[in-house]
Amino acid sequence: QVQLVESGGGLVQPGGSLRLSCAASGFTFTNYGMSWYRQAPGKERELVAAITSTGGSTNYGDSVKGRFTISRDNGKNTVYLQMNSLKPEDTAVYYCNAVWGLTGINYWGQGTQVTVSS
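Each value, and the rule that gives it
Residues numbered from 1 in each chain as written. Predicted model: local features only at pLDDT ≥ 70, side-chain atom pairs only at ≥ 80, totals over all residues. Heavy atoms only, no water. Phe/Tyr/Trp six-rings, centres within 6.5 Å; stacked < 30°, edge-to-face > 60°. Buried < 20%, exposed > 50% of the residue type's maximum accessible area, 1.4 Å probe, protein only. Helix = DSSP H or I, 4+ residues; strand = E, 2+ residues; numbered from the N terminus. Pairing = 2+ DSSP bridges. Core = buried A, V, L, I, M, F, W, Y, C linked by side-chain atoms within 4.5 Å. Contact = heavy atoms within 4.5 Å. Axes fitted to C-alpha atoms, helices over the stretch in contact; angles between N-to-C directions.

### Re the packing of aromatic side chains
In this description, an aromatic ring pair is defined by two values, namely the gap between the centres and the angle between the planes. If you walk through the whole model with that rule in mind, you get seven aromatic pairs. Centroid distance Phe27 to Phe29: 6.5 Å. Interplanar angle 50°. Geometry classified as tilted. Overall, Phe27 belongs to the buried group, its relative accessible area being 12%. Here Phe29 falls in the buried class, since its relative accessible area comes to 2%. Their ring planes at 40° and their centres at 5.2 Å tell us that Phe27 and Tyr107 sit as a pair that is tilted. Of the two residues, Phe27 is situated in the loop between strand S3 (18-25) and strand S4 (33-39) and Tyr107 in strand S10 (residues 106-108); the sequence distance between them amounts to 80 residues.

Right, dumping it as structure tokens:
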């Protein structure tokens with residue numbers, strides 16, 4: 001069955017770093033663009049970063065540009081989100097998403113909590 005399993009979340013101080021991972025299985029990973037979204041309490045889910053199926057193109061939400069980097073390893077069926085210079089407003093549940101542009105089929109992970117606090 002399809003699985004997207006996020007890991008790497010936790011508690012970090014402002015200015016710190018975390019690296020999230022999303023391990024995919026049950027579908028052809030190389031067909032899918034991958035994204036990270038986040039949702040803070042009381043707020044809508046927002047796009048953090050996205051990467052194309054080949055990894056050749058990325059885009060970022062305005063609030064994370066210059067601080068976060070998305071990457072993927074198609075040999076390991078894994079997408080990453082390197083988060084640097086973390087701020088309290090980055091606190092949220094972070095979700096991994098896979099979408100096949102040709103069909104619109106998409107999958108979600110269960111989410112991982114990131115808390116930025118001193």
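After that view of the structure, there is still more to cover.
### Re the pairing of strand S11 (residues 112-116)
Here S11 shows a buried face lined by Thr112, Val114 and Val116 and an unburied face lined by Gln113 and Thr115. The pairing of strand S2 (residues 10-12) with S11 spans three bridges and is classified as parallel. Bridge pairing in S11 places Val12 opposite Val116. Direction of pairing for strand S9 (residues 92-99) relative to S11: antiparallel, over a ladder of three bridges.

### Some remarks on the nonpolar core
Counting 29 residues, the largest nonpolar core has Met34, Trp36, Leu81, Met83 and Tyr94 as its most contacted members. The set of elements that each furnish at least two residues to this core consists of S3, S4, strand S5 (46-51), strand S7 (68-73), strand S8 (78-83), S9 and S11. When sequence neighbours within four positions are dropped, the list of residues in contact with Met34 reads Leu4, Cys22, Phe29, Ala49, Ala50, Ile51, Ile70, Arg72, Val79, Cys96, Asn97 and Ala98.

### Focus: unusual backbone geometry
Of note, Asn77 is a non-glycine position whose phi angle comes to about 50°, a positive value. Residue placement: Asn77 occurs in the loop between S7 and S8. In this model, Ser85 sits at a positive phi of 50°, which is unusual for a non-glycine residue. Within the secondary structure, Ser85 sits in the loop between S8 and S9. Among the residues examined, Ser85 registers a relative accessible area of 41% and is labelled partly exposed.

### Focus on the sheet that holds strand S1 (residues 3-7)
Spatially, four strands are ordered S1-S3-S8-S7 in an open sheet, and the strand pairing comes out antiparallel. Strands at the two margins of the open sheet, each flanked by one partner only, are S1 and S7. Each strand of the sheet is rotated relative to its neighbour by a mean of 15°, with strand direction disregarded. Direction of pairing for S7 relative to S8: antiparallel, over a ladder of six bridges. Note that in S8 the partner of Thr69 across the bridge is Gln82.

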